[in-house]
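Below, each chain spelled out in residue letters.
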Amino acid sequence: MLSPRAIAEFAAALPEARAFLMLRNPLDWAWSDLCKRLHDAGASPAALTDAELIERLAVPSGRSRADFGSNLARWLDHFSRQRLFIGSYEDIRGEPGPFFDRLCDFIGIDRFPAAMRGRLREQVNSSARGTSMPQAVRRYAAQRYRAEAEIMARLAGGGSERWLAEIEHILR
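Residues numbered from 1 in each chain as written. Predicted model: local features only at pLDDT ≥ 70, side-chain atom pairs only at ≥ 80, totals over all residues. Heavy atoms only, no water.

1. Re the overall build of the chain
- The secondary structure content of the chain amounts to eight helices and two strands.
- From first element to last, N terminus to C terminus, the chain shows the α and β order α-β-α-α-α-β-α-α-α-α.
- Looking at the 172 residues of the chain, the share that counts as buried comes to 40%.
- Considering only intrachain contacts with a sequence separation of at least 6, the fraction spanning at least 24 residues in the chain is 73%.
- Each charge class in the chain was averaged separately, 25 positive and 22 negative side chains, and the resulting centres sit 1 Å apart. (Helix = DSSP H or I, 4+ residues; strand = E, 2+ residues; numbered from the N terminus. Buried < 20%, exposed > 50% of the residue type's maximum accessible area, 1.4 Å probe, protein only. Contact = heavy atoms within 4.5 Å. Lys, Arg positive; Asp, Glu negative; His and termini not counted. Charge placed at Lys NZ, Arg CZ, Asp CG, Glu CD.)

Structure representation (structure tokens):
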């Protein structure tokens, strides 16, 4: 994640450059990130209580890589929508071929050759490994990421509006 100053310098130094930013449902990201950190430490989320999971899920306040909406706003301060491609994890995971076609077209490079398109579906990492987030943890994450989801929905629309609706439903 670049600082606001670095983004401004990047935009000024390369005024014709195009950039891309990937967004993800913050609830899915939080759970995946936690599961990966637990897995790397040799632990399993199933072995922890909800309170222990929430404690480990906590992200410090202030700018962090979990501040998706704020990060998007910083980029849009310096890059018009014509220069900033906003994609989502769901796009790349669900339909990688069309996603990469749009990204290649945006950047102005050739699309992936037909012979390589099968590679786009290969899964490299699956942190949560099919483990569902407990409801108490999901509610905590919804509270933590609601403001960021609101910013993403306002600035990017699309899938981020669904993520915000999911968070609002959880918090009712």
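2. Things to note about the packing of aromatic side chains
- Enumeration according to the criterion identifies 10 aromatic pairs in this entry.
- Both rings, one in W29 and one in F68, keep their centres 5.3 Å apart while their planes meet at 80°; by these two values the pair is edge-to-face. Pair noted here: W29 is in helix 2 (residues 26-40) and F68 is in helix 4 (residues 68-76), with a separation of 39 residues, a long-range link. Across the pair, F68 and W29 agree in class, each one buried. (Phe/Tyr/Trp six-rings, centres within 6.5 Å; stacked < 30°, edge-to-face > 60°.)

3. Things to note about the packing of helix 2 against helix 3 (residues 50-57)
- Packing of helix 2 against helix 3 leaves a shortest axis separation of 10 Å and a crossing angle of 100°. On the basis of the axis angle, helix 2 is roughly perpendicular to helix 3. Between helix 2 and helix 3, the contacting residues are A30, W31, L34, R37 and L38 on the first element and L53, R56 and L57 on the second.
- In terms of residue class, the contact of helix 2 with helix 3 is made up of six nonpolar, no polar and two charged. (Axes fitted to C-alpha atoms, helices over the stretch in contact; angles between N-to-C directions. Parallel < 35°, antiparallel > 145°, perpendicular 65-115°, else oblique. Nonpolar A, V, L, I, M, F, W, Y, C, P; charged D, E, K, R; others polar.)

4. A short note on the pairing of strand 1 (residues 19-23)
- Only one face of strand 1 is buried: it carries A19, L21 and L23, and the other face, with F20 and M22, is open.
- As paired strands, strand 1 and strand 2 (residues 84-88) are joined by five bridges and run parallel to one another. When the sheet's bridge partners are listed, F20 is paired in strand 2 with F85. (Pairing = 2+ DSSP bridges.)

5. Some thoughts on a nonpolar patch on the surface
- On the surface, a cluster of nonpolar side chains totalling about 350 Å² of accessible area is made up of F20, M22, I107 and I109.
- On the accessibility criterion, F20 (46% relative accessible area) is partly exposed. (Patch = residues over 30% accessible without salt bridge, like charges linked within 9 Å, V, L, I, M, F, W, Y side chains within 5 Å. Areas by Shrake-Rupley, 256 points an atom, 1.4 Å probe, with all protein chains shown as cover. Salt bridge = Lys/Arg side-chain N within 4 Å of Asp/Glu carboxyl O.)

6. Some points on helix 4
- Those residues of helix 4 lying buried are F68, G69, N71, L72, R74 and W75.
- Where helix 4 is buried, its residues meet helix 1 (4-13), strand 1, helix 2, strand 2 and helix 7 (135-156).

7. Digging into the nonpolar core
- Membership of the largest hydrophobic core comes to 35 residues, with the highest contact counts inside it found for L27, W31, L53, W75, F79 and L84.
- Elements supplying a minimum of two residues to this core: helix 1, strand 1, helix 2, helix 3, helix 4, strand 2, helix 7 and helix 8 (159-171).
- Not counting residues up to four positions away in its chain, the partners in contact with L53 are W31, L34, L38, P45, L48, P134 and V137.
- Among the nonpolar cores identified, the runner-up in size contains six residues, and F100, L103, F106 and L120 belong to it. (Core = buried A, V, L, I, M, F, W, Y, C linked by side-chain atoms within 4.5 Å.)

8. Considering the packing of helix 2 against helix 7
- Look at helix 2 against helix 7: their axes get within 8 Å of each other, and the N-to-C directions meet at 130°. Relative to helix 7, helix 2 is oriented oblique. In the packing of helix 2 onto helix 7, the handedness of the crossing is right-handed. Here P26, L27, D28, W29, A30 and W31 of helix 2 come into contact with helix 7, specifically with V137, R138, A141, A142, Y145, A149 and M152.
- Grouping the amino acids of the contact of helix 2 with helix 7 by side-chain chemistry returns 11 nonpolar, no polar and two charged. (Left-handed = near helix turned anticlockwise from the far one by under 90°.)

9. Concerning the environment of R5
- Take R5: it is sitting in helix 1.
- Linking R5 and R74, residues 69 residues apart in sequence, is a C-alpha distance of 9.4 Å.

As far as function goes, none of this settles anything; it's purely spatial.
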